[in-house]
Amino acid sequence: MSQLLNVLIIGWGSSAKTFHVPLIISLPNDFKITHVLERRTNNSLQVLPDVTIVRSLEEFFDSGAQVDLAVITTPNHTHFELAKTLLEHKINTVIEKPFVTDSQQVQELLSIARKNNVLITAYQNRRWDGDFLTAKKLIENKTLGRIVEFESHFDRYRNFLKHNWKEEDIPGSGIVYDLASHLIDQALWLFGEPTTVYARIMNQRKLQGTATPDAFEIHLNYDHEATEEGEYPSMIVILKGGMLIKEEKRLRFKIHGVDGSYLKYGLDVQEDQLKVGLTPLKDDTVFGKEKEEWQWGELSISGQDGTTQTQKYQTLPGTYIEFYKNIAEVLHTKDLSRLIVTPEQAGNVIKVIKLAYQSNKTKAAVSFH
């Protein structure tokens, strides 16, 4: 068995408790969480009774403790300084999406990580959503033919404020950094870099106390020349999200190709499962799987005789655990080339976000390059 990788968790909010810790402890042959940075409370001891709690990175470094990996789960505007400090101490680092808040910060972190030969990446777990894996399979298998339109949604309904940092007017707050970062990463992972970005970013709820964006529509335009290598000519990617979508069945994907279409409603089940305590380790027979056929997407394919064949299409299981399996593989082998979510890819998500804000301001499409 490989040596256990010691882990420092930075922050003890919903991100750490829901998305990171349950997955890390589901790989007991790879990881051991030894330290948690909580600034004021000791709440992590309820879940991890054997960890050492520290109040700051300075206290952690002064203790002389050693870890193989740090996971940053604090508010977005704190990511850069924390990651910079960790990388300067040659500590491999995972940052909760959206990585950082500015492209210049991306380049600085990349430079330090390369200099010290350490891992830096963003937690883009939704590459392993079951619905996204299903859409990816259909596209890669050319089941729909050449894709001409890809529409992806991440919608919620909440017509009041929760009064947390995500709704404050600070760098990295709002729905674009929070939810659009997932959809952007998925689109770039599927289709590569777009030619132009066009966006509307809005505050639709108009609630007293914040002007932070709560709705977005981002268009990624692909105007590449058609090639055998699989470039996408005349394709549009539409990414949408809002906080006033009351529909019981919320659209997730609408994908159109020259040979057919795929429609999917409802979000991946893993987040809700993690929130109620299910994990890939304890509940492997049900984790990440949709229970009922009505949850599956709908696939419509044009037959050779011109008729349309429509059927329910089973959703692949979601596998968030694969993110941390990959981190373990990279750290055990000391081979950074095996990293699936590269820092360059994470940086491109931030680039698209910044271009989206620029487009919203100028009311015009902006070139990606």
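Residues numbered from 1 in each chain as written. Predicted model: local features only at pLDDT ≥ 70, side-chain atom pairs only at ≥ 80, totals over all residues. Heavy atoms only, no water.

## Looking at the overall build of the protein chain
(1) Moving on: Helices and strands together make up the secondary structure of the protein chain, namely nine helices and 15 strands.
(2) Moving on: For 369 residues, the compact-globule estimate of 2.2 N^0.38 gives 21 Å, and the C-alpha radius of gyration of the protein chain, at 21 Å, lies within 12% of that figure.
(3) Moving on: Counting only C-alpha atoms, the protein chain reaches 70 × 50 × 45 Å along its principal axes.
(4) Moving on: Out of the 369 residues in the protein chain, the part that is buried amounts to 54%.
(5) Moving on: Residue pairs in contact within the protein chain that sit at least 24 positions apart in sequence constitute 70% of those at least 6 positions apart.
(6) Moving on: About 17400 Å² of surface is accessible on the protein chain, with carbon and sulfur atoms providing 47% of the total.
(7) Moving on: Between the centroid of the 42 positive side chains of the protein chain and the centroid of its 48 negative side chains there is a distance of 4 Å. (Helix = DSSP H or I, 4+ residues; strand = E, 2+ residues; numbered from the N terminus. Rg over C-alpha atoms; globule rule 2.2 N^0.38 Å. Buried < 20%, exposed > 50% of the residue type's maximum accessible area, 1.4 Å probe, protein only. Contact = heavy atoms within 4.5 Å. Areas by Shrake-Rupley, 256 points an atom, 1.4 Å probe, with all protein chains shown as cover. Lys, Arg positive; Asp, Glu negative; His and termini not counted. Charge placed at Lys NZ, Arg CZ, Asp CG, Glu CD.)

## Side note on the UniProt feature "domain: Gfo/Idh/MocA-like oxidoreductase N-terminal" (unreviewed entry) in the protein chain
(1) Moving on: The sites that carry the UniProt feature "domain: Gfo/Idh/MocA-like oxidoreductase N-terminal" (unreviewed entry) are, in the present numbering, residues 5–121.
(2) Moving on: With 36% helix and 23% strand, the stretch residues 5–121 has end C-alpha atoms that lie 17 Å from each other. (UniProt positions renumbered as here; feature names shortened; annotations may be inferred.)

## Details of the environment of Val71
(1) Moving on: Note on placement: Val71 falls in strand 4 (residues 69–72).
(2) Moving on: Take Val71: its relative accessible area is 0%, and that puts it in the buried class.
(3) Moving on: Taking C-alpha positions, Val71 is 7.5 Å from Glu96, a pair spaced 25 residues apart along the chain.
(4) Moving on: When sequence neighbours within four positions are dropped, the list of residues in contact with Val71 reads Val7, Leu8, Ile9, Ile10, His20, Ile24, Val94 and Tyr324.

## Notes on the pattern of salt bridges
Pairing is possible between side chains that carry opposite charge, provided their charged atoms lie close to one another.
(1) Moving on: According to the stated counting rule, one finds 20 salt bridges in the structure shown.
(2) Moving on: A salt bridge links Asp185 to Arg127; the nearest nitrogen and oxygen atoms lie 2.8 Å apart. One end of the pair, Asp185, is in helix 6 (residues 175–191); the other, Arg127, is in the loop between strand 6 (120–123) and helix 5 (130–140), with 58 residues separating them in the sequence.
(3) Moving on: Classification of Asp185 by relative accessible area gives buried; the value is 2%.
(4) Moving on: Residue class for Arg127 comes out buried when judged on its relative accessible area of 3%.
(5) Moving on: Overlapping salt bridges bring together Arg126, Asp129, Glu271 and Lys275 as one network. (Salt bridge = Lys/Arg side-chain N within 4 Å of Asp/Glu carboxyl O.)

## Let's talk about the layout of surface pockets
(1) Moving on: The space that makes up the largest pocket amounts to roughly 1200 Å³.
(2) Moving on: In this structure, the largest pocket is lined by 46 residues; those nearest its centre are Gly13, Ser14, Ser15, Trp165 and Lys166.
(3) Moving on: The residue inventory of the lining of the largest pocket, partitioned by class, reads 13 nonpolar, 17 polar and 16 charged.
(4) Moving on: When we break the lining of the largest pocket down by domain, the ones giving at least three residues each are domain 1 (5–123) and domain 2 (126–320 + 360–367).
(5) Moving on: Every residue lining the second largest pocket is counted, 30 residues in all, and those nearest its centre are Glu248, Arg250, Tyr265, Gly266 and Leu267.
(6) Moving on: If you list the elements that add at least two residues to the lining of the second largest pocket, you get strand 11 (251–257), strand 12 (260–265), helix 7 (270–275) and strand 13 (297–302).
(7) Moving on: Looking at the lining of the second largest pocket, its residues break down into nine nonpolar, four polar and 17 charged. (1 Å grid on protein atoms, 1.4 Å probe; cavity = no way out; pocket = protein on both sides within 12 Å on 5 of 7 lines; lining within 4 Å. Points joined across faces, edges and corners; volume = space filled by probe spheres on them. Nonpolar A, V, L, I, M, F, W, Y, C, P; charged D, E, K, R; others polar. Domains from an automatic or database assignment.)

## Describing the packing of aromatic side chains
(1) Moving on: This structure, assessed with the given rule, holds 10 aromatic pairs.
(2) Moving on: Their ring planes at 65° and their centres at 6.0 Å tell us that Phe191 and Tyr222 sit as a pair that is edge-to-face. Here the residue Phe191 occupies a position in helix 6, and Tyr222 occupies one in strand 9 (residues 215–222), the gap between them amounting to 31 residues.
(3) Moving on: According to the relative accessible area criterion, Tyr222 is buried, its value standing at 0%.
(4) Moving on: Grouping aromatic residues by their ring pairs yields a cluster made of Phe31, Tyr123, Trp128, Phe323 and Tyr324.
(5) Moving on: Above the face of the Tyr265 ring, Lys249 is positioned so that its terminal group lies 4.6 Å from the ring centre. (Phe/Tyr/Trp six-rings, centres within 6.5 Å; stacked < 30°, edge-to-face > 60°. Lys NZ or Arg CZ within 6 Å of the ring centre and 35° of its normal.)

## Observations regarding the environment of Lys84
(1) Moving on: Positionally, Lys84 belongs in helix 3 (residues 79–88).
(2) Moving on: Taking the relative accessible area as the measure of exposure, Lys84 reaches 22% and is therefore partly exposed.
(3) Moving on: Each C-alpha atom, one on Lys84 and one on Ala113, is 8.8 Å from the other, the two residues being 29 residues apart in sequence.
(4) Moving on: Not counting the four nearest positions on each side in its chain, Lys84 is found in contact with Glu108, Leu109 and Ile112.

## Quick word on the pairing of strand 10 (residues 235–242)
(1) Moving on: Along strand 10, six of the eight residues are buried, which leaves the element largely enclosed by surrounding structure.
(2) Moving on: Here five bridges tie strand 7 (residues 147–153) to strand 10, and the two strands are oriented parallel to one another. In the sheet register, Ser152 faces strand 10, and the bridge partner there is Leu239. (Pairing = 2+ DSSP bridges.)

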